Amino acid sequence: MQRDADALRDTGVTGVAVRLETPRETVTARSGVGDLVTGRPVPKDGFLRLGSTTKTFVATVMMQLVGEERISLDQTVEELLPGVVSGTGNDGRSITVRDLLRHTSGLSDYVYDVFPSPSAQTYFADRWRAYEPEELVDLALRHEPAFPAGTRWAYSNTNYVLAGMIIEKVTGRTWEQQVHSRILRPLGLLHTDTPGTRPFLPYPHAAHHQQFTVDEPLVDTTIPYRPFDSGADGSMTGTARDLNRFFAALASGRLLKPAELAAMRSAVPLPQDSGHPEGTRDGLGLFFTPLSCGGGYLGHGGSGFGYVVRAATTVDGRRAVTVSAHSRSADPRTAARQEDALRTLIDRALCRTA
């Protein structure tokens, strides 16, 4: 695993951290540096931005509400949030909860509206701005849907902004409060939080570095870009230890009843241009990816400017691994090599202990 962490570093990633947990042992590896200025090492079990891995926590709360018969996967957005999704060809009457959770709604992704120009100038100019969930949905609804709901797959953060709004409408409590009471406290995940738009990571943590344009230097982006990933679609922070514990508990049935876990794992195939490995399928906040040694793993990734986090567990929850990479390249070929190295690391980490 150390060799694979070093191989990921050698693709140009400034810092890498890996934590693998099995019934027999915990194995960790670090490579590169946690800060380009001081050269300090990547911290052990440092705090991470979870990015879109937040979606799995939110989907788990939604599935618990399904199990309690407080919502149904076949309910429409219009039934739950009357009048919220309409206009420009968008129709909440045709989009179900299931469509939101597995990205088959066809709704536009608001992130393209809040970061229209991929540059360091845009990052510095707008990184402190924050939007309310309703504002983000309104931005997305300025665009026509990509396809009729339920007919295709396309990843859209707007889906989970709406999921967070549904949780609050149904329960009377925010999605953050529900995640804390239903998941974090029962599992003892003391180092996982829902900071919303609060921009500062707890210490220790590695610095994040983003290359916005090819041939330009890396930019320190440890302060996040608050216009996106500030809500139910990607705002959580935590540690690799906590992420492994959460995904293992989810896969082993500790958080959901069998019917709801089965529904969560019921997945649709992804298009070939999705950027995911061949054979990957998307369930309800949970991806299934084939393993080279047979079978596959469940998990979700998260990314933002300057970082990538991937959490994965075998389908029985007995082995879990979290990988964090603390810089991102603007060069497509370099980014592809980094992605390949990251996927190889996860595959070998899970297969070696199979």
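Once a new chain begins, its residue numbering starts again from 1 and follows that chain's sequence as written. Two thresholds apply to this predicted model, a pLDDT of at least 70 for residue-level local features and 80 or more for giving and counting side-chain atom pairs, whereas whole-chain, interface and lining totals are computed over all residues. As a convention, hydrogens and water are excluded, and side-chain values are obtained from all of the structure's heavy atoms.

**Some details on the packing of aromatic side chains**
Here comes step 1: The criterion for an aromatic pair is that two Phe, Tyr or Trp rings (for Trp, the six-membered ring) have centres within 6.5 Å, with stacked assigned to planes under 30 degrees apart, edge-to-face to planes over 60 apart and tilted to the rest. Summed over the entire model, instances satisfying the criterion amount to 14 aromatic pairs.
Here comes step 2: Each ring, one from Phe 115 and one from Phe 212, has its centre 6.3 Å from the other, and the planes form 35°; the classification is tilted. Placement of the pair is Phe 115 in the loop between helix H5 (111-114) and helix H6 (120-126) and Phe 212 in the loop between strand S6 (209-210) and strand S7 (219-220), with a sequence separation of 97 residues. The residues Phe 115 and Phe 212 share a single accessibility class, namely buried.
Here comes step 3: Through successive ring pairs, a cluster of aromatic residues spans Phe 115, Tyr 123, Phe 124, Phe 212, Tyr 225, Phe 228 and Phe 305. What counts as a helix is a DSSP run of H or I of at least four residues, what counts as a strand is a run of E of at least two, and both are numbered from the N terminus. Each residue's exposure class comes from its accessible area (1.4 Å probe, protein chains only) as a fraction of the maximum for that residue type: buried when under 20%, exposed when over 50%, partly exposed otherwise.

**Description of the nonpolar core**
Here comes step 1: Only buried residues count toward a nonpolar core, which is a set of Ala, Val, Leu, Ile, Met, Phe, Trp, Tyr and Cys residues joined through side-chain atoms within 4.5 Å. With 72 residues, the main nonpolar core has Phe 57, Leu 101 and Phe 246 as its most contacted residues.
Here comes step 2: The leading source of residues in this core is helix H2 (residues 54-67), at eight residues.
Here comes step 3: By definition, residues are in contact when any of their heavy atoms lie within 4.5 Å. Aside from chain neighbours lying at most four places away, what touches Phe 57 is Leu 50, Val 179, Ile 183, Leu 184, Leu 189, Met 236, Leu 243 and Phe 246.
Here comes step 4: Within the second largest apolar cluster, 22 residues are counted, among which are Met 1, Ala 29, Tyr 297 and Ala 349.

**Here we look at the environment of Ser 327**
Here comes step 1: One can find Ser 327 in strand S15 (residues 327-328).
Here comes step 2: Remark: the alpha-carbon pair of Ser 327 and Val 170, spanning 157 residues in sequence, is separated by 39 Å.
Here comes step 3: Two N or O atoms count as a polar contact when they lie within 3.5 Å, although within protein this holds only if one can serve as hydrogen donor and the other as acceptor, and sequence-adjacent residues are included solely when both atoms are side-chain atoms. From its side chain, Ser 327 meets the backbone nitrogen of Thr 14 in a polar contact 3.0 Å long.

**Side note on the state of the cysteines**
Covalent bonding between the sulfur atoms of two cysteines is what defines a disulfide.
Here comes step 1: Disulfides are defined in this document as cysteine sulfur pairs within 2.5 Å. Tallied over the entire structure, the rule returns one disulfide.
Here comes step 2: The disulfide partner of Cys 293 is Cys 351, and the S-S distance across this bridge is 2.1 Å. As the torsion about the S-S bond is roughly -85°, the Cys 293-Cys 351 disulfide counts as left-handed. Of this pair, Cys 293 sits in the loop between strand S11 (287-290) and strand S12 (296-304) while Cys 351 sits in helix H12 (residues 332-352), and the two are 58 residues apart along the sequence.

**Examining the environment of Asp 91**
Here comes step 1: With respect to the helices and strands, Asp 91 occurs in strand S5 (residues 90-91).
Here comes step 2: Of the residues examined, Asp 91 reaches a relative accessible area of 26% and is grouped as partly exposed.
Here comes step 3: Through-space distance from the C-alpha of Asp 91 to that of Pro 148 is 9.4 Å; in sequence the pair is 57 residues apart.
Here comes step 4: Of note is the side chain of Asp 91, whose polar atom sits 2.9 Å from the backbone nitrogen of Arg 93.

**With respect to a negative patch on the surface**
Here comes step 1: Here, patches come from residues exposed beyond 30% relative accessible area and free of salt bridges, joined within 9 Å for like charges and within 5 Å for nonpolar side chains (Val, Leu, Ile, Met, Phe, Trp, Tyr). Where accessible areas are quoted, they stem from the Shrake-Rupley method and a 1.4 Å probe; at the residue level, only the protein chains shown are allowed to cover. Every case where a carboxyl oxygen of Asp or Glu lies within 4 Å of a side-chain nitrogen of Lys or Arg is listed as a salt bridge. Lys and Arg are tallied as positive, Asp and Glu as negative. Neither His nor the chain termini are counted. One atom stands in for each charge, and that atom is NZ of Lys, CZ of Arg, CG of Asp or CD of Glu. Residues Glu 132, Glu 134, Glu 135, Asp 138 and Glu 168 make up a contiguous surface patch of negative charge.
Here comes step 2: Examining the composition of the negative patch, we find that three residues originate from one element, helix H7 (residues 133-140), more than from any other.
Here comes step 3: Note on placement: Asp 138 falls in helix H7.
Here comes step 4: Overall, Asp 138 belongs to the partly exposed group, its relative accessible area being 46%.

**Comments concerning H2**
Here comes step 1: Taking 1.5 Å of rise per residue, 14 residues should cover 20 Å, and H2 covers 20 Å from first to last C-alpha, within 8% of that figure.
Here comes step 2: Counting buried positions over the 14 residues of H2 gives 14, a clear majority of the element.
Here comes step 3: Of the residues one or two after H2, Glu 69 is the one with positive phi, at around 60°. The span one expects for a helix is its residue count, reduced by one, times 1.5 Å.

**Thoughts on the environment of Leu 345**
Here comes step 1: With respect to the helices and strands, Leu 345 occurs in helix H12.
Here comes step 2: For Leu 345, a relative accessible area of 0% puts it in the buried group.
Here comes step 3: Sequence-wise, Leu 345 and Thr 197 are 148 residues apart; in three dimensions their C-alpha atoms are separated by 32 Å.
Here comes step 4: Ignoring sequence-local partners within four residues, the contact set of Leu 345 consists of Asp 4, Ala 5, Val 18 and Val 323.

**Focus: the packing of H2 against helix H10 (residues 240-251)**
Two packed helices can be described by the angle between their axes and the distance between those axes.
Here comes step 1: Orientation of H2 relative to H10, taken along the N-to-C sense of each, is 35°, at an axis distance of 12 Å. The two elements H2 and H10 cross, and the hand of that crossing is left-handed. In this structure, H2 uses Thr 56, Phe 57 and Thr 60 to contact H10, whose residues at the interface are Leu 243, Phe 246, Phe 247 and Leu 250.
Here comes step 2: Residues of the contact of H2 with H10, tallied by class, amount to five nonpolar, two polar and no charged. Axes here refer to lines fitted to C-alpha atoms; in helices the fit is confined to the stretch in contact. Angles between the N-to-C directions go from 0 to 180 degrees. Rotating anticlockwise by less than a right angle from the far helix to the near helix defines a left-handed crossing, while the corresponding clockwise rotation defines a right-handed one. Gly falls in the polar group here, along with every residue not listed as nonpolar (Ala, Val, Leu, Ile, Met, Phe, Trp, Tyr, Cys, Pro) or charged (Asp, Glu, Lys, Arg).

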